[in-house]
Amino acid sequence: MTGKKLIISALVLALVQIGFLGWIIAGRAAILRNGKEVLLKVEPVDPRDLLRGDYISLNNNISRIPVKLIANVPQGAFSSDDSSIMVRLKKGGDGYWQPTAAWLDKAPAPAGADEADIAGHVAAGWDLRSPDATIAPDYGIGRFYLPEGEGMAIQNDMRVRPFGIKLALAANGTAQIKALMDGEKALFEEPLY
């Protein structure tokens, strides 16, 4: 009887794990399929990961947020705590979205029809005293993996013409990279599954 219970327990555990992985994949696919699209201008940083192959480490136009954009910096705060941040974006005349405001934790009101919010994380220790200072939120969109052998060529191209990433943003600000863009042309698109 003990062997039968062990098999049933193993099957239940396997089903729970499969269900959890399916939930993660379905959530990502839902954002890619239904999320609001925004385009960010990017610059290359490093094209190679020895263990995972070619990628582009993306430095984009929301990688650094000026402290003066953060509307709710606590009075007398010297540095950031380990916390979340919500950055409001608006489409610029060049087609790329730019940060217009930010809040530690959550935005006080939903984004307008011509705006979008992206959720990020701010590590502890960023200087909040000077309005000229900047912070570097982590949005989880810092790398884009490419087919092997493509990283160096794309990095070289990024140095001579504008590239961007098309994001899909969920209603809560969670971001997924949808495509790597060379001007108006999608070079690589992320599959839903």
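Refer to the preceding data block for the structure.
Residues numbered from 1 in each chain as written. Predicted model: local features only at pLDDT ≥ 70, side-chain atom pairs only at ≥ 80, totals over all residues. Heavy atoms only, no water.

A look at the pattern of salt bridges
Note the cut-off: Salt bridges are defined by distance alone: a side-chain nitrogen of Lys or Arg within 4 Å of a carboxyl oxygen of Asp or Glu. Every helix listed is a DSSP run of H or I at least four residues long, and every strand listed is a run of E at least two residues long, numbered separately from the N terminus. Categorising residues by exposure relies on relative accessible area from a 1.4 Å probe, with only protein chains included: less than 20% of the type maximum marks a residue as buried, more than 50% marks it as exposed, and the intermediate range marks it as partly exposed.
Tallying each qualifying case throughout the model produces nine salt bridges. Where E37 meets K166, a salt bridge forms, and the shortest distance between an N and an O atom there is 3.8 Å. Linking E37 in strand β1 (residues 36–44) with K166 in strand β10 (residues 163–169), this pair joins segments that are 129 residues apart in sequence. For D127, the salt bridge goes to R129, with nearest N and O atoms at 3.3 Å. Given the relative accessible area of 55%, R129 is considered exposed. One continuous salt-bridge network, built from bridges that share partners, spans E37, K166 and K178.

Focus on the pairing of strand β7 (residues 115–122)
Threshold: Think of it this way: DSSP has to see at least two bridges between two strands before they count as a pair.
Within β7, six of the eight residues are buried, which leaves it mostly tucked inside the rest of the structure. Examined bridge by bridge, strand β5 (residues 83–91) and β7 share eight bridges and lie antiparallel to one another. Counterpart to S84 in the pairing with β7 is H121.

What is shown is where atoms sit, not what they do.
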